[in-house]
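# Structural description and commentary
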Amino acid sequence: MVKEIEAVVGPVRGVEVVAAGFNSEIAARLFLDEGTVFVKGLRLDHPRVWTQQREADVNAYTGGLAPVLRWRIRAGGWDLLGFEDLGGRHADYAPGSSDLPCVLRAMERLASVATSGDIELKAMAERMSSYVSDPDDLRFFEGDALLHTDWKPDNVLIVEGRAKVVDWAWASRGVEWIDPALWVIWLVASGHRGAEAEGLAALHPAWAAASASHVDAFARAQRRLWESIADGERPGDWTYGMCAAARAWERHRRRRLTP
């Protein structure tokens, strides 16, 4: 693999493996003569190798929110993406964190990004189709906005006071309020109460336009999704935390309806 990379970018002087991330078999920082580059990759026969194409396609439309894709190499049985190395640190979602406004600004900026219809993205209605009890609810999630959908703190880097978003493997199309809604679950998992988390999400302009019943339906679908993941074959400890957070958020939504 190193030989294939060196054929494109020159000698690799060092490699630093990066532990964070679940979507790649390879995640590493490469030290080259002209600086560093971040590489993520999957084997060409990996069942999720399609995520490499999605990341490559989306990169041109992220408007500076994501590291720039420098090169792509498909050789030696691997599909590798080389991104600019932003450095920075992972975002802190804990209550009171100064990173929260930075993340919100990045999310707002993403909501204004226009993409080409040529990019192959799954629709959120399609992704949620197995987790609704009433198929009519799926229409609530329909929209043309580019959504990141995976707001894990490891996917948000704080670089010189700004939030940059990485790992676009699960980018999708849908209504604009879905990204802040998904952020709510991560905020609850990071220590916020449901009302506090929704208070932060409500600072996103799209939240004000969202129908409460539509958000309720999404909260129910997310609870079922995370329960399915937690009941799967190889759940991790973090999965149980997210399942608990999704349940807590749905309970918060239901309490709002209780007289």
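Everything in this summary refers to the structure shown in the same document. (Residues numbered from 1 in each chain as written. Predicted model: local features only at pLDDT ≥ 70, side-chain atom pairs only at ≥ 80, totals over all residues. Heavy atoms only, no water.)

Tracing the backbone shows R253 in helix α9 (residues 237–257). Ignoring any residue separated from it by four or fewer positions in sequence, one finds R253 in contact with E198, W207, A212, V215, D216 and A219. (Helix = DSSP H or I, 4+ residues; strand = E, 2+ residues; numbered from the N terminus. Contact = heavy atoms within 4.5 Å.)

The next point concerns the sheet that holds strand β2 (residues 26–32). Within the open sheet, the five strands sit side by side as β1-β2-β3-β5-β4. Their pairing is antiparallel. Of all the strands in the sheet, just β1 (12–17) and β4 (69–75) have a single pairing partner and so form its edges. The average angle at which neighbouring strand axes cross in this sheet is 25°, direction not considered. In this structure, β2 lies alongside strand β3 (residues 35–43), joined through seven bridges in antiparallel fashion. Bridged to L30 within β3 is V37. Helix α1 (residues 2–9) contacts β1, β2, β4 and β5 (78–84) of the sheet and is inclined by roughly 135° relative to β4. Where helix α2 (residues 50–59) meets the sheet, it contacts β3, β4 and β5, and its direction lies at approximately 30° from that of β5. (Pairing = 2+ DSSP bridges. Axes fitted to C-alpha atoms, helices over the stretch in contact; angles between N-to-C directions.)

Packing of helix α5 (residues 178–189) against helix α8 (residues 212–230) leaves a shortest axis separation of 11 Å and a crossing angle of 50°. By the angle between their directions, the pair α5 and α8 is classed as oblique. For the element pair α5 and α8, the recorded crossing hand is right-handed. From α5, I178, A181, L182 and I185 reach across to α8, where they touch F218, Q222 and W226. (Parallel < 35°, antiparallel > 145°, perpendicular 65-115°, else oblique. Left-handed = near helix turned anticlockwise from the far one by under 90°.)

Turning our eyes to something else, we now look at the nonpolar core. In terms of nonpolar packing, the biggest core is built from 63 residues, with Y93, F141, W151, W177, W183 and F218 touching the most fellow members. Residues I5, I26, W78 and L80 belong to the second largest nonpolar core, which totals twelve residues. (Core = buried A, V, L, I, M, F, W, Y, C linked by side-chain atoms within 4.5 Å. Buried < 20%, exposed > 50% of the residue type's maximum accessible area, 1.4 Å probe, protein only.)

Attention now goes to the pairing of β5. Along any regular strand the residues' side chains alternate between the sheet's two faces. Counting buried residues along β5, six of its seven residues qualify, which places the element largely inside the surrounding structure. Sheet topology places β3 next to β5; seven bridges connect them, and they run antiparallel. Each residue of the ladder has a partner; that of V37, found in β5, is E84.

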